[in-house]
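# Topology and contacts: notes
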Amino acid sequence: WWWAVDFAYGSECWGCGPGATTAYEQFAGRTDADGTHLLGIAFGSEPDEYGTEPPAPDLPRTVTAEATVYDVNRQAWTATTDLLVHPARAYVGVRSTRSFVEAGTPLVVEAVVTDVDGAVAAGRPVTVTISRVDWVWSQVTTSEQLTEVARCELTSGDAELECSATPDLGGQYRVTAVVTDSDGNPSRSELTVWVAGGTGRPSRGV
């Protein structure tokens, strides 16, 4: 039997919704005498044409496989399955006691590290950064610029980890936590908080 399978690789932008980038690949072959065929998939970072290794993916991805088999009469049957690809053997979760704080008020962020099954993973290095999000305008597009206000280098344990900062400017702040598993693979989580009040930065584009 002749078969074809399509793979759709979800974007690294977790929860971006419509418009997120999705890559597609297609393979074809024939089943053997037992009516089976195997296709191996290797997940990892491929070097570019210059031999430069890209950064390892640090967000989970969704892979959708759709296989279609054709019989001798060219009739087709199709089946689909989804696969979640973990970026690492550990995940870091972050939360803030408040989503909005006043300028000059301490912003406290808590983090916890678990394995892919949800059990607490101790002894893993964790980096938590709190940054203010600015927008840089150009003639063509708008890009984000992060101004770091705090960085905490922590090690996971049985208790929750804590990182704090005292923002002096109002605006949007992004909390980024990165944990590295025993194989050196990173896993990232992000959280958005807002700081009210304070003196905003001047708008140079008015």
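These remarks concern the structure in this document.

Looking now at the side chain of T176. Within the element layout of this structure, T176 appears in strand 11 (residues 171–180). Other than its neighbours up to four places away in sequence, T176 contacts T127, V128, T129, R188, S189 and E190.

Now for unusual backbone geometry. Unusually for a residue other than glycine, R74 sits at a positive phi of about 65 degrees. Among the structural elements, R74 can be located in the loop between strand 3 (61–70) and strand 4 (76–85). Overall, R74 belongs to the exposed group, its relative accessible area being 57%.

Our focus in this paragraph is the sheet that holds strand 9 (residues 142–155). What links the strands of a sheet is backbone hydrogen bonding, and the strands pair in either a parallel or an antiparallel sense. Spatially, 6-12-11-8-9 is the arrangement adopted by the five strands of the open sheet, whose pairing is mixed. Every interior strand has two partners, whereas the edge strands, strand 6 (100–102) and strand 9, have only one. Strand-to-strand twist of the sheet, defined as the mean angle between neighbouring strand axes without regard to direction, takes the value 30 degrees.

Our focus in this paragraph is the state of the cysteines. Scanning the entire structure with this criterion turns up one disulfide. A sulfur-sulfur distance of 2.1 Å marks the disulfide that ties C152 to C163. One disulfide, between C152 and C163, carries an S-S torsion of 75 degrees and so falls in the right-handed class. Highlighted residues: C152 in strand 9 and C163 in strand 10 (residues 161–165), separated in sequence by eleven residues. Here C163 falls in the buried class, since its relative accessible area comes to 2%.

Bringing the sheet that holds strand 5 (residues 90–96) into the picture now. Taken in spatial order, the three strands line up as 5-7-10 in an open sheet, and their pairing is antiparallel. Edge positions in the sheet fall to strand 5 and strand 10, since each has one partner strand and no second. Across the sheet, the mean angle separating the axes of adjacent strands is 25 degrees when strand polarity is ignored. Bridge count between strand 7 (residues 107–115) and strand 10: five bridges; the pairing is antiparallel. Bridge pairing in strand 10 places E110 opposite E162.

Locating S156 in the fold gives a position in the loop between strand 9 and strand 10. We classify S156 as buried; its relative accessible area is 7%. Polar contacts involving the side chain of S156 include one to the main-chain carbonyl oxygen of A121, which spans 2.7 Å. One polar contact links the side chain of S156 to the main-chain amide nitrogen of R124, over a distance of 2.9 Å. Leave out the neighbours within four places in its chain, and S156 touches V113, A121, A122, G123, R124, V126 and L161.

Definitions and limits used
- Residues numbered from 1 in each chain as written.
- Predicted model: local features only at pLDDT ≥ 70, side-chain atom pairs only at ≥ 80, totals over all residues.
- Heavy atoms only, no water.
- Helix = DSSP H or I, 4+ residues; strand = E, 2+ residues; numbered from the N terminus.
- Contact = heavy atoms within 4.5 Å.
- Buried < 20%, exposed > 50% of the residue type's maximum accessible area, 1.4 Å probe, protein only.
- Pairing = 2+ DSSP bridges.
- Axes fitted to C-alpha atoms, helices over the stretch in contact; angles between N-to-C directions.
- Disulfide = S-S within 2.5 Å.
- Polar contact = N/O pair within 3.5 Å; in protein donor to acceptor, adjacent residues only side chain to side chain.

Function cannot be inferred from these measures alone, as they are strictly geometric.
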